[in-house]
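Working through the structure, step by step
Given next are the chains, with one letter for each unit.
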Amino acid sequence: MSRIIVVTSGKGGVGKTTTAAAFATGLAMHGHKTVVIDFDVGLRNLDLIMGCERRVVYDFVNLINGDANLNQTLVRDKRIKELYILPASQTRDKEALNLGGVGRVMEELMKEGFEYIICDSPAGIESGAQMAMYFADEALVVTNPEVSSLRDSDRMLGILASKSRRAVEGDDPIKEHLLITRYDPERVETGDMLSVEDIIELLRVPLLGVVPESEGVLQCSNAGEPVILNEKDHAGQAYADVVARFLGEERPHRFLTQEKKGLLKRLFG
């Protein structure tokens, strides 16, 4: 049975696309047929992070408008057999998406046997973001440990609870998961950043994972590689933990406390 999962937050720059790319890649690495859809029409970035921008010929809007079929539009990842990308259009605006067209695409993807359909939501709460979350069964709510990000995430939680198809039709609510990104334990200890406990208390959403601040995220993005493929990077390891927990494996949360430095590290950095 297919599961539609939206990666959302409301606020821009919190790591939604990085998360969508890493999460979809991780699911495919576990053998699940997965597609990740870029809903950020006009400002697409997912194809860059996935390293497939040169292979994009048709896009999401072409598919909705009938200018291309699903087979022509999907881009298959070269590294992982079960992973596919459905890119956004760079030349249209978000009004090019409509519920009927998006719904038809979702049905096609389900018929093609995709186990997981990951929707990378654009920033904000306008039509593009609402299209991304409307058909969702589950939501990864991505937030940074700062007040403005939490406020926007809380706003999006309200929209998920009231404007999704599940809410409109009176079905079971969307299952929500909390993902904290760009976490820095050192700044938490100095009081410059909210703690994991503070964030959970404010949002009241089950914690799926904490991704630490890492230069590796930017390096991987520039290289067109989802950070989860970098097993040496702490962010990559954290995303691997997130996927494993999502699939039912019990893993302890890491990177929540400041790393204790040995004598040599304190002396020489």
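Above this text is the structure in question.
So, here's what we can say about the structure. (Residues numbered from 1 in each chain as written. Predicted model: local features only at pLDDT ≥ 70, side-chain atom pairs only at ≥ 80, totals over all residues. Heavy atoms only, no water.)

1. Notes on the pattern of salt bridges
- Counted according to the given criterion, the structure contains 8 salt bridges.
- Ionic pairing is found between Arg-44 and Asp-47, a salt bridge with its closest N-O pair at 3.2 Å. As far as the burial class goes, Arg-44 and Asp-47 line up, both buried.
- In this structure, Asp-77 and Arg-79 form a salt bridge, with 2.9 Å as the shortest nitrogen-oxygen distance.
- Put simply, Asp-241, Glu-249, Arg-251 and Arg-254 are held in one network by salt bridges that share partners. (Salt bridge = Lys/Arg side-chain N within 4 Å of Asp/Glu carboxyl O. Buried < 20%, exposed > 50% of the residue type's maximum accessible area, 1.4 Å probe, protein only.)

2. Notes on the layout of surface pockets
- Considered as a void within the structure, the largest pocket measures approximately 470 Å³ in volume.
- Forming the walls of the largest pocket are 27 residues, and the residues nearest its centre are Gly-13, Val-14, Gly-15, Lys-16 and Thr-18.
- Top contributing element to the lining of the largest pocket by residue count: helix α1 (residues 16–29), with 3 residues.
- Among the residues forming the lining of the largest pocket, the class breakdown is 11 nonpolar, 9 polar and 7 charged. (1 Å grid on protein atoms, 1.4 Å probe; cavity = no way out; pocket = protein on both sides within 12 Å on 5 of 7 lines; lining within 4 Å. Points joined across faces, edges and corners; volume = space filled by probe spheres on them. Helix = DSSP H or I, 4+ residues; strand = E, 2+ residues; numbered from the N terminus. Nonpolar A, V, L, I, M, F, W, Y, C, P; charged D, E, K, R; others polar.)

3. Let's talk about the side chain of Ser-164
- Within the secondary structure, Ser-164 is located in the loop between α7 (147–163) and α8 (165–169).
- The class of Ser-164 is buried, set by a relative accessible area of 1%.
- Ser-164 has contacts with Met-133, Tyr-134, Ile-159 and Ile-174, leaving out every residue within four places of it along the chain. (Contact = heavy atoms within 4.5 Å.)

4. Section: the pairing of strand β6 (residues 138–143)
- Burial analysis of β6 places 6 of its 6 residues in the buried class, the great majority of the element.
- Burial of β6 is two-sided: the residues Glu-138, Leu-140 and Val-142 facing one way and the residues Ala-139, Val-141 and Thr-143 facing the other way are all buried.
- Pairing geometry for strand β1 (residues 3–8) and β6, over 4 bridges, is parallel. Bridge pairing in β6 links Val-6 to Ala-139.
- Pairing geometry for β6 and strand β7 (residues 175–183), over 6 bridges, is parallel. Bridge pairing in β7 places Leu-140 opposite His-177. (Pairing = 2+ DSSP bridges.)

5. A short note on the sheet that holds strand β5 (residues 116–120)
- As summarised here, the arrangement of the 8 strands in space is β3-β4-β2-β5-β1-β6-β7-β8, forming an open sheet in which the pairing is mixed. Edge positions in the sheet fall to β3 (75–76) and β8 (207–212), since each has one partner strand and no second.
- The strands touched by helix α10 (residues 196–203) are β6, β7 and β8; relative to β7, the strand with the most contacts, the crossing angle is about 150°. (Axes fitted to C-alpha atoms, helices over the stretch in contact; angles between N-to-C directions.)

6. Overview of the packing of α7 against α10
- Between α7 and α10, the least distance of the axes is 10 Å, while the angle of their chain directions is 35°. Relative to α10, α7 is oriented so that their crossing is right-handed. Each of Leu-150, Ser-153, Asp-154 and Leu-157 in α7 lies in contact with α10, whose residues at this interface are Ile-199, Leu-202 and Leu-203.
- Looking at the contact of α7 with α10 residue by residue, the classes come out as 5 nonpolar, 1 polar and 1 charged. (Left-handed = near helix turned anticlockwise from the far one by under 90°.)

7. Focus: empty space enclosed by the protein
- A complete count under the given rule lists 2 cavities of 30 Å³ or more for this structure.
- Size it by volume and the largest cavity reaches roughly 40 Å³.
- Taken together, Val-210, Ala-238, Asp-241, Arg-245, His-253, Arg-254 and Phe-255 make up the full set of residues lining the largest cavity.
- The biggest single contributor to the lining of the largest cavity is helix α12 (residues 234–246), with 3 residues.
- For the lining of the largest cavity, the residue count by class is 3 nonpolar, 1 polar and 3 charged.
- Taken as a whole, the second largest cavity encloses approximately 30 Å³ of empty space.
- Surrounding the second largest cavity, Thr-18, Ala-21, Ala-22, Ile-49, Ser-221, Glu-225, Pro-226 and Val-227 form its lining.
- In terms of residue count, α1 provides more of the lining of the second largest cavity than any other element does, 3 residues in total.

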